[in-house]
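Secondary and tertiary structure notes
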Protein chains: 2
Amino acid sequence: MATSRLKVVLDQERSYDIRVGCKLLENLGTHLRELSSAKKAVIITDSNVGSLYLETTKKALVEAEFEVYDLTIPAGEESKNIEVATELWDALAMLNIGRDGLLLALGGGVVGDITGFIAATYMRGIDFVQLPTSLLAMVDSSVGGKTAINISAGKNLVGSFYQPIYVAADLDTLVTLPDAEWDNGFAEIAKSAIIDGGEFYEWVLNNVSSLVAHDDDALKQVIVRALTFKARVVIADEKESGLRECLNYGHTFAHALEQVSGYSISHGKAVAEGMRFAARLAVEVIGSSNDFVKAQDDLFDAIGLSPVAESFSSDELFECMFGDKKVRGGNLRFVFACGPGEWKVEIVDPDLAKIYIILWEQARM
Amino acid sequence: MATSRLKVVLDQERSYDIRVGCKLLENLGTHLRELSSAKKAVIITDSNVGSLYLETTKKALVEAEFEVYDLTIPAGEESKNIEVATELWDALAMLNIGRDGLLLALGGGVVGDITGFIAATYMRGIDFVQLPTSLLAMVDSSVGGKTAINISAGKNLVGSFYQPIYVAADLDTLVTLPDAEWDNGFAEIAKSAIIDGGEFYEWVLNNVSSLVAHDDDALKQVIVRALTFKARVVIADEKESGLRECLNYGHTFAHALEQVSGYSISHGKAVAEGMRFAARLAVEVIGSSNDFVKAQDDLFDAIGLSPVAESFSSDELFECMFGDKKVRGGNLRFVFACGPGEWKVEIVDPDLAKIYIILWEQARM
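Please read these numbers as outputs of a predicted model, since none were measured by experiment.

Within chain A, the regular secondary structure consists of 13 helices and 11 strands. For chain A, whose C-alpha radius of gyration is 20 Å, the value lies close to the compact-globule estimate of 21 Å for 365 residues. Judged by the C-alpha coordinates and their principal axes, chain A covers about 60 × 40 × 40 Å. Within chain A, buried positions represent 62% of all 365 residues. In chain A, the proportion of contacts linking residues at least 24 apart, taken out of those at least 6 apart, comes to 74%. Here chain A displays about 13400 Å² of accessible surface, and carbon together with sulfur accounts for 49% of that area. Separation between the mean location of the 33 positive side-chain charges and that of the 53 negative ones in chain A comes to 5 Å.

Right, here's the structure in full:
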């Protein structure tokens, strides 16, 4: 299967290639040598991914005459914190990595987010490469330059916008992907298709069964479609001041849900639930149709994203929502979709939001 | 005395005003309201500066109808660390500061550096204002967008490039400046004058006595000259990839000296010593004249920057120098001035650098 290539052009100075295909890790070295003159390359990975793909990646870099180091963090969202970040900064300093050093994020969203943050802040910024190994990271966190860590007050509250020099999504790594991670990826894909609407939305509706069967060609097509959508949004609005906000569809409720659940609910499941929540609230706030609520529910059900069954305290959910970073100047902002390809941002009366959170809680009692 | 105004224009989106004059803090509100629609403003200051100028600043912001909060960190370089940064991130989250919040750095370089880093990374970047209250911060750290914290492996190893929306250097705050801080400011001014050469260098030579006497008008003139120089360099090279490197004159040795002394030597004294060191090494490396070494020594002596008398281990100094961030790909880079307005960057043979460090150590035994 041929590799698909995309290019994100932010401006003259900052643009980067994205490749989607097979055998990209083992053939990484040659292309990377064209992009970087670094002597030292440091692979940051986690304890799950490292045991599967670290050796292949190291070998490819050594062949391209990089001096290769690797740093492994514990797998899981809990690693995306300031203590791990501090250990990584210290480790880079101990390895005498200079401003011309190169970092590589080999793993899912957690590895990508923290590695991006380290690359953005070590010596005020060094080059880095995203090697996403999960479907979610391939379609989401590896594009857009959002880097972050979590602090006790909330998820992704500390970070920066910082672009990689190259992104390689190697489909071969999806063979080992756990079921929950497939859910995460499909939630992101469904969100993108709903926001984009049109051909992308129709394509997903028509190919749900191939996607659920993990058909290689369908996956490559959908990743490229999702990336193309995301890159288009990112280029149009690099700093999330406007257009890019559509990508937060489902996130206002999702972040609260993740926090209240102590992150026991996966990001993808939480975002799907957040979109279900937002669609219902949209009927009240912007007068969108119940037909769309139903269509969206059906898509999520077909792609395997069943509703969250567990209940959580509406008081706690509301509290988390108000502490969320999407709150500007004390207002509660929601991204709403009123149909495929139609979205808008609205300020929501906190009292009204509270009512819908209580309804959500009661439906699960 | 009229306020001087400068403007740093980086590109269409990112430009900011710098004002130098009297009564700027008490008149801060009106101008800031034109620049920011934030509801909440958080002043970050330190235990020394806060007791002197926090109330004035708060009053000005309250008058301009900001909801004002303040966070005070312990005075001193030791506060520029990840623990204090974490406390500040947490505090901002607890105050429910959103992406539209405003931070103000009221203090010297430490407060400016850490506040800038917090502003750059909290929610991936919020607006901030520099209110430098030391001469060094006025001529140096408040312009150029370098933000940073220290980690155990070295000074300023973590940070980012991030620009303030406004800089106000209120000369009235210099009344309370301690002697050591004057040294810091004068070292930076002397460095800028040497690198810039020409009229700026001549002006400093001709006005050393007024500067040392803390004459108001001379100070304003020299701050504006130093800022103009710095802003010109920053505009030409926002990312320090080339031209901006001249600002590191004296820093290769200075950083090592600061680290080995456990930061007991002030930054300004260390940089002056670093320039003395670099000038001597330049005679060997690039064949510059001994006359310039003498002229530079005389200027430093006249402006009150006497040589560092204390000795430190040459082995430790060398070790620190190799771990310094100016080392690229294992090479030792030095900024050299061969005369006023003439500078260049050279890779220096580590063995040769070591000899000069030993000579430096022996001269103090």
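Next comes the rest of the description.
It is worth spelling out helix H7 (residues 198-212) of chain B at this point. Residues and elements named next belong to chain B. With 15 residues, H7 extends 21 Å from end C-alpha to end C-alpha; this agrees with the ideal 21 Å at 1.5 Å per step. When the local axis directions of H7 are compared, the greatest deviation, roughly 55°, occurs at Asn206. Of all the residues in H7, the buried ones are Phe200, Tyr201, Trp203, Val204, Asn207, Val208 and Leu211. Buried positions along H7 lie against helix H6 (179-196), helix H8 (216-236) and helix H11 (290-302). The first or second residue beyond H7 is His214, which carries a positive phi of 60°.

We now examine the domain arrangement of chain A. Residue and element names in this part refer to chain A. Once the domains are mapped, chain A shows domain 1 (4-175) and domain 2 (179-362). Taken over C-alpha atoms, the centre of domain 1 sits 26 Å from the centre of domain 2. On the domain 2 side, the residues contacting the 28 residues of domain 1 number 28 residues. In total, about 2700 Å² of surface goes out of reach between domain 1 and domain 2, with carbon and sulfur atoms giving 67% of it. Between domain 1 and domain 2 we count 1 salt bridge in total. Residues Lys155 and Glu258 are paired through a salt bridge, measuring 3.2 Å at the closest nitrogen-oxygen approach.

This part takes up helix H1 (residues 28-35) of chain B. Here H1 of chain B has its buried residues at Leu28, Gly29, His31 and Leu32 of chain B. Residues of H1 of chain B that are buried make contact with strand S2 (15-21), helix H2 (47-63), strand S5 (102-107), strand S6 (127-132) and strand S9 (166-170) of chain B.

A few words on the packing of aromatic side chains. Aromatic ring pairs are defined here through the distance separating the ring centres and the angle between the ring planes. Enumeration according to the criterion identifies 15 aromatic pairs over all chains in this entry. Between Trp182 of chain B and Phe186 of chain B the ring centres are 5.9 Å apart and the planes differ by 35°, which places this aromatic pair in the tilted class. Linking Trp182 of chain B with Phe186 of chain B, this pair stays in helix H6, spanning 4 residues, or about one helical turn. Taken individually, Trp182 of chain B and Phe186 of chain B each receive the classification buried, so the pair is uniform in this respect. Taken together, the aromatic side chains of Phe253, Phe277, Phe334, Phe336 and Trp360 of chain A make up a single cluster linked through ring pairs. Just above the ring of Phe161 of chain B sits the side chain of Arg124 of chain A; from NZ or CZ to the centre is 6.0 Å. Taking NZ or CZ as reference, Arg33 of chain B lies 3.7 Å from the ring centre of Phe66 of chain B, over its face.

This part is about the relation of the copies chain B and chain A. Two chain copies here: they are related by a rotation about an axis and a translation along the same axis. Placing chain B over chain A gives an RMSD of 0.0 Å and needs a rotation angle of 180°, together with 0.0 Å of translation along the axis. Here the two chains are linked by the operation of a two-fold rotation axis. Distance from the rotation axis, computed per C-alpha, reaches its smallest value in chain B at Ile82 of chain B: 4.2 Å. Most of the interface of chain B is mirrored in chain A: 100% of its interface residues are interface residues there too.

Moving on, we get to the side chain of Ser79 of chain A. All names here are of chain A. By secondary structure assignment, the location of Ser79 is in the loop between strand S4 (67-73) and helix H3 (82-94). Exposure remark for Ser79: the relative accessible area of 4% places this residue in the buried category. Here Pro74 takes part through its backbone oxygen, which lies 2.5 Å from a polar atom of the side chain of Ser79.

With that settled, the discussion passes to the interface of chain B and chain A. Listed as interface residues are 37 residues of chain B and, on the opposing side, 37 residues of chain A. Carbon and sulfur atoms make up 57% of the area that chain B and chain A hide from each other, which totals about 3200 Å². Between the two partners, chain B and chain A, sit 0 salt bridges. For the interface between chain B and chain A, the tally reads 8 residue pairs in polar contact (both at pLDDT 80 or more).

The next point concerns the nonpolar core. Grouped together as the largest cluster of nonpolar side chains are 77 residues, with contacts concentrated most on Ile223 and Tyr249 of chain B. Element by element, the count of residues in this core is highest for H8 of chain B, at 10 residues. Those residues in contact with Tyr249 of chain B that lie beyond four places of it in its chain are Lys191, Ile194, Ile195, Val271, Met275, Ala278, Ala279, Phe292, Gln296, Val335, Phe336 and Ala337 of chain B. Within the second largest apolar cluster, 75 residues are counted, among which are Phe229, Phe312, Phe334 and Ala353 of chain A.

What follows covers the pairing of strand S11 (residues 342-348) of chain A. Along any regular strand, the residues point their side chains to alternate faces of the sheet. One ladder, built from 7 bridges, connects strand S10 (residues 332-339) of chain A with S11 of chain A; its direction is antiparallel. For Arg333 of chain A, the partnering residue across the bridge sits in S11 of chain A and is Ile347 of chain A.

Confidence in the prediction of chain A, expressed as mean pLDDT, is 90, and 93% of residues score 70 or more. Across the whole predicted complex the pTM is 0.82, and at the interface the ipTM reaches 0.80.

Residues and elements named next belong to chain A. Remark: helix H6 (residues 179-196) packs on helix H8 (residues 216-236), axes separated minimally by 10 Å, with the N-to-C direction vectors making an angle of 55°. What the angle tells us is that H6 and H8 run oblique. In the crossing of H6 with H8, the sense of the turn from one axis to the other is left-handed. Residues Trp182, Phe186, Ile189, Ser192, Ile195 and Asp196 of H6 form the contact with H8, whose own contacting residues are Leu219, Val222, Phe229 and Arg232. In the contact of H6 with H8, the residues fall into 7 nonpolar, 1 polar and 2 charged.

The subject of this paragraph is the pairing of strand S5 (residues 102-107) of chain A. Residues and elements named next belong to chain A. For S5, a buried count of 6 out of 6 residues is recorded, marking the element as mostly surrounded by other parts of the structure. Two elements, strand S3 (residues 40-46) and S5, share 5 bridges in a ladder whose sense is parallel. Paired with Thr45 across the bridge in S5 is Leu106. Sheet topology note: the S5/strand S6 (residues 127-132) ladder contains 6 bridges and is parallel. Across the sheet, the residue bridging to Leu103 is Phe128, located in S6. Crossover connection from S5 via helix H4 (residues 109-121) to parallel S6: handedness right-handed.

Cut-offs used in this document
- Residues numbered from 1 in each chain as written.
- Chains lettered and ligands numbered in written order.
- Predicted model: local features only at pLDDT ≥ 70, side-chain atom pairs only at ≥ 80, totals over all residues.
- Heavy atoms only, no water.
- Helix = DSSP H or I, 4+ residues; strand = E, 2+ residues; numbered from the N terminus.
- Rg over C-alpha atoms; globule rule 2.2 N^0.38 Å.
- Buried < 20%, exposed > 50% of the residue type's maximum accessible area, 1.4 Å probe, protein only.
- Contact = heavy atoms within 4.5 Å.
- Areas by Shrake-Rupley, 256 points an atom, 1.4 Å probe, with all protein chains shown as cover.
- Lys, Arg positive; Asp, Glu negative; His and termini not counted.
- Charge placed at Lys NZ, Arg CZ, Asp CG, Glu CD.
- Expected span 1.5 Å × (residues − 1).
- Bend = angle between axes of the 7 residues up to and from the residue.
- Domains from an automatic or database assignment.
- Buried area = accessible area lost by both parts, 1.4 Å probe.
- Salt bridge = Lys/Arg side-chain N within 4 Å of Asp/Glu carboxyl O.
- Phe/Tyr/Trp six-rings, centres within 6.5 Å; stacked < 30°, edge-to-face > 60°.
- Lys NZ or Arg CZ within 6 Å of the ring centre and 35° of its normal.
- Least-squares fit on C-alpha atoms with pLDDT ≥ 70 in both.
- Polar contact = N/O pair within 3.5 Å; in protein donor to acceptor, adjacent residues only side chain to side chain.
- Core = buried A, V, L, I, M, F, W, Y, C linked by side-chain atoms within 4.5 Å.
- Pairing = 2+ DSSP bridges.
- pLDDT = per-residue confidence, 0-100.
- Axes fitted to C-alpha atoms, helices over the stretch in contact; angles between N-to-C directions.
- Parallel < 35°, antiparallel > 145°, perpendicular 65-115°, else oblique.
- Left-handed = near helix turned anticlockwise from the far one by under 90°.
- Nonpolar A, V, L, I, M, F, W, Y, C, P; charged D, E, K, R; others polar.
- Right-handed = clockwise from strand over helix to strand, strands pointing away.

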